[in-house]
Amino acid sequence: MMSDAIRAVILGIVEGVTEFLPVSSTGHLLLAERFFDLGEDNFWKSFAVLIQLGAILAILALYFGKLWHIALNLFKGDVAARRFVIGVLVAFLPAAIIGAAAGGYVKSYLFNPWVVCFSLIVGGAILLWVDQLDLEPVHYDATTFPLPMYLKIGLAQCVAMIPGVSRSGATIVGAMLLGAEKRAAAEFSFFLAIPTMVGAFVYDLYKSRADLSVDHGMIIAIGFVVSFITAIIVVKSFLGYVTRHGFTLFAWWRVIVGTLGLIALALGY
């Protein structure tokens, strides 16, 4: 039997590696739980959400200087800083509303490996398509997008409620189709992840409080630290890679994982 500590390390790596890549962390975690016997009880389902805090803190650590500068200017009444914060909140709002209204339905009917695998494949095809488009970016700074553009990116993020779609993939593709340069699109996806993932973390922590105990503390801490470290490594590498090479690697990653998943499911695994 796989020990809880090893389970925590595996899930932490999966979360940290996939959260900010356009490959769907939720989808990969669901497949990991299914194919690697990573737990079926309520604690492990909550664990997958709780360790997202490690990935969130990775973004805060990497962008601390920029975020601190924005925060200082915000309190000084700086218009640009205030506008960016409003933009992030505007982009976050659709997911908050739809998540509160339909989150239970989505988890009950769409959180299964078949949906994940099909979503991975379709999302991979979309990434390949976007990579072939001759897009002419007009926005190069994630902090200065027009307010209507922030809202549209937020609406695109809602598609990622379907497991396997990828929150980062939906927001990056949405931003690029709206005129954002690849790096700026990816950076805004990171910024938008902060309120989105914090909201999911707090909501799930409240819902699963009865399933958690002091005994779970060390297991959660292991997953948290592993997701934090791996997320830092991935984010630092991802921006440079995607700027130079685009999304083809991640598109094929999705297609291969989704296809292998469907084959395994068809064989009864």
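Residues numbered from 1 in each chain as written. Predicted model: local features only at pLDDT ≥ 70, side-chain atom pairs only at ≥ 80, totals over all residues. Heavy atoms only, no water.

1. Things to note about the overall build of the chain
Phase 1: For the chain, the count of helices and strands is twelve helices and zero strands.
Phase 2: Each helix and strand of the chain, ordered N terminal to C terminal, gives the series α-α-α-α-α-α-α-α-α-α-α-α.
Phase 3: In terms of overall dimensions, the chain has a C-alpha envelope of 55 × 45 × 35 Å along the principal axes.
Phase 4: For the chain, buried positions account for 48% of its 269 residues.
Phase 5: At a minimum sequence separation of 6, the contacts of the chain that also span at least 24 residues come to 83%. (Helix = DSSP H or I, 4+ residues; strand = E, 2+ residues; numbered from the N terminus. Buried < 20%, exposed > 50% of the residue type's maximum accessible area, 1.4 Å probe, protein only. Contact = heavy atoms within 4.5 Å.)

2. Thoughts on the packing of aromatic side chains
Phase 1: Summed over all chains, the structure comprises 13 aromatic pairs.
Phase 2: Look at Tyr105 and Tyr109: their rings are 4.8 Å apart centre to centre, the planes differ by 40°, and that puts the pair in the tilted class. With Tyr105 and Tyr109 both in helix α6 (residues 79-109), this residue pair falls four residues apart, about one helical turn.
Phase 3: In this structure Tyr109 comes out as exposed when scored by relative accessible area, which is 55%.
Phase 4: Members of the aromatic cluster, joined through ring pairs, are Phe20, Tyr63, Phe84, Phe190, Phe191, Phe238, Tyr241, Phe250 and Trp253. (Phe/Tyr/Trp six-rings, centres within 6.5 Å; stacked < 30°, edge-to-face > 60°.)

3. A word on the nonpolar core
Phase 1: Core analysis: the largest hydrophobic core is formed by 45 residues, its most contacted members being Phe20, Phe145, Phe188, Phe190, Phe238 and Phe247.
Phase 2: When residues of this core are traced back to their parent elements, those giving at least two are α4 (52-62), α6, α7 (113-132), α8 (147-158), α9 (167-177), α10 (182-207), α11 (217-245) and α12 (248-266). (Core = buried A, V, L, I, M, F, W, Y, C linked by side-chain atoms within 4.5 Å.)

4. Looking at the packing of α6 against α10
Phase 1: Remark: α6 packs on α10, axes separated minimally by 10 Å, with the N-to-C direction vectors making an angle of 40°. Judged by the inter-axis angle, α6 sits oblique to α10. In the packing of α6 onto α10, the handedness of the crossing is right-handed. Contacts between α6 and α10 involve Phe84, Val88, Ala91, Phe92 and Lys107 from the first element and Phe188, Phe191, Leu192, Pro195, Thr196 and Asp204 from the second. (Axes fitted to C-alpha atoms, helices over the stretch in contact; angles between N-to-C directions. Parallel < 35°, antiparallel > 145°, perpendicular 65-115°, else oblique. Left-handed = near helix turned anticlockwise from the far one by under 90°.)

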